[in-house]
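Fold and geometry: a report
Next come the chains, spelled out residue by residue.
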Amino acid sequence: MARERKPINQNLTIPNALSVLRILIIPFFAWYFLHDQLGIAVALLVLSGLSDCVDGLIARKLNQVTELGKMLDPFADKLTQGVVALCLAVKFPVIGPLLLLFIVKEVVMLCCAFGLLKKKKRPCAAQWYGKVATVMFYVSVAAIVVMDGFFHVPRTAFVVISSVLLVLTAAMMVYSAVKYFQIFREILRSDDEQYELSLHDEIRAKTVRKKRK
């Protein structure tokens, strides 16, 4: 008699594997970075950033969006960003303000997420502005490391360029936090426990509000 095939765990997906990969990369990045092996550190950071860019696309293309993935992906993002920011703060004090902003933003978003869970509502999936903020964070970090660690850019130019990058990244992080807060608020106001505001729903809601005005 043939054995019944056990169903494959729906959480065993390529996007979730990429998120786990990003988490596993973190300690290696920190070790190489703090030991001045910047080439390997930057390569690991680029690998992490690329995996973050493609996991969402793969999830949608292959229909591998899971509840675990919706939590694992942002967790990997935030953990990576936090460790990178801490490492940079040790070597580059100029990153301090961005690190402070990052901590405040994440604490607020964490509180919002706990609020949703307390109301038995699902946190929303990552949106485009969150991804853009993450990519900008990676680009800024990589640029600062490359300028100082590889090309030894003159101090004045380094401060100006790094300041511009950090300001732009900080602005995108604030914008992302505000947009996510709006989504959290919409979910909390909904009576549907399974309610989840997608980008399409957000655009449609804005259109409806404009027509009503």
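That block above? That's the structure.
The notes below deal with the structure included here. On a predicted model such as this, the values are computed, not experimentally measured, just so you know.

Below, the discussion takes up a nonpolar patch on the surface. A grouping of Val160, Ile161, Val164 and Leu168 is seen on the molecular surface, where their side chains present a nonpolar patch of about 340 Å² in accessible area. Its place among the elements puts Val160 in helix α6 (residues 155-189).

On to the pattern of salt bridges, then. The tally for this structure, following the rule as stated, stands at nine salt bridges. The shortest N-O distance in the salt bridge between Arg22 and Asp52 comes to 3.3 Å. Placement of the pair is Arg22 in helix α1 (residues 14-34) and Asp52 in helix α2 (residues 38-61), with a sequence separation of 30 residues. With its nearest N and O atoms 3.0 Å apart, the salt bridge here joins Arg22 to Asp55. With Arg22 in helix α1 and Asp55 in helix α2, this pair connects stretches of sequence that are 33 residues apart. The same class applies to Arg22 as to Asp55, namely buried. Overlapping salt bridges, with partners in common, bring together Arg22, Asp52, Asp55, Asp73, Asp77 and Lys131 in one network.

Orientation of helix α4 (residues 96-118) relative to α6, taken along the N-to-C sense of each, is 10 degrees, at an axis distance of 10 Å. Relative to α6, the element α4 lies roughly parallel. Along the contact surface, α4 presents Leu98, Leu101, Phe102, Lys105, Met109, Cys112, Gly115 and Leu116, while α6 presents Leu166, Thr169, Ala170, Met173, Val174, Ser176, Ala177, Tyr180, Phe181, Phe184, Ile187 and Leu188. Classifying every residue of the contact of α4 with α6 gives 16 nonpolar, three polar and one charged.

All right, on to the packing of α1 against helix α3 (residues 67-91) then. Orientation of α1 relative to α3, taken along the N-to-C sense of each, is 10 degrees, at an axis distance of 9 Å. Relative to α3, α1 is oriented roughly parallel. Along the lines of polarity and charge, the residues of the contact of α1 with α3 split into 17 nonpolar, four polar and four charged.

In this section: the nonpolar core. Core analysis: the largest hydrophobic core is formed by 38 residues, its most contacted members being Phe33, Leu88 and Val145. Put simply, the parts of the chain that give this core at least two residues each are α1, α2, α3, α4, α5 (128-149) and α6. Considering every element that reaches this core, the biggest residue donor is α6, with nine residues. Each residue touching Leu88, except ones within four places of it in the same chain, is listed here: Phe33, Pro93, Ile95, Val141 and Val145.

Further remarks concern the packing of aromatic side chains. Under the defined criterion, the tally for this structure stands at six aromatic pairs. When the centroid spacing of 5.5 Å and the interplanar angle of 25 degrees are considered together, the rings of Phe29 and Phe33 count as stacked. Residue Phe29 and its partner Phe33 are both found in helix α1; the two are separated by four residues, about one turn of the helix. Seen in terms of ring centroids, Tyr129 and Tyr175 are 6.1 Å apart; in terms of plane orientation they differ by 85 degrees. Their pairing is edge-to-face. Here Tyr129 is found in helix α5, whereas its partner Tyr175 is found in helix α6, with 46 residues between them in sequence.

The next point concerns the environment of Thr13. Along the chain, Thr13 falls in the segment before α1. Beyond its immediate chain neighbours, meaning those up to four positions away, Thr13 contacts Gln64 and Thr66. For Thr13, the side chain forms a polar contact with the main-chain nitrogen of Asn16, separated by 3.3 Å.

A few words now on the side chain of Asn16. Examined against the element boundaries, Asn16 turns out to sit in helix α1. Asn16 sits in the buried class, given a relative accessible area of 4%. Setting aside its immediate chain neighbours within four residues, Asn16 contacts Asn11, Thr66, Leu68, Gly69 and Leu72.

Analysis parameters
- Residues numbered from 1 in each chain as written.
- Predicted model: local features only at pLDDT ≥ 70, side-chain atom pairs only at ≥ 80, totals over all residues.
- Heavy atoms only, no water.
- Patch = residues over 30% accessible without salt bridge, like charges linked within 9 Å, V, L, I, M, F, W, Y side chains within 5 Å.
- Areas by Shrake-Rupley, 256 points an atom, 1.4 Å probe, with all protein chains shown as cover.
- Salt bridge = Lys/Arg side-chain N within 4 Å of Asp/Glu carboxyl O.
- Helix = DSSP H or I, 4+ residues; strand = E, 2+ residues; numbered from the N terminus.
- Buried < 20%, exposed > 50% of the residue type's maximum accessible area, 1.4 Å probe, protein only.
- Axes fitted to C-alpha atoms, helices over the stretch in contact; angles between N-to-C directions.
- Parallel < 35°, antiparallel > 145°, perpendicular 65-115°, else oblique.
- Contact = heavy atoms within 4.5 Å.
- Nonpolar A, V, L, I, M, F, W, Y, C, P; charged D, E, K, R; others polar.
- Core = buried A, V, L, I, M, F, W, Y, C linked by side-chain atoms within 4.5 Å.
- Phe/Tyr/Trp six-rings, centres within 6.5 Å; stacked < 30°, edge-to-face > 60°.
- Polar contact = N/O pair within 3.5 Å; in protein donor to acceptor, adjacent residues only side chain to side chain.

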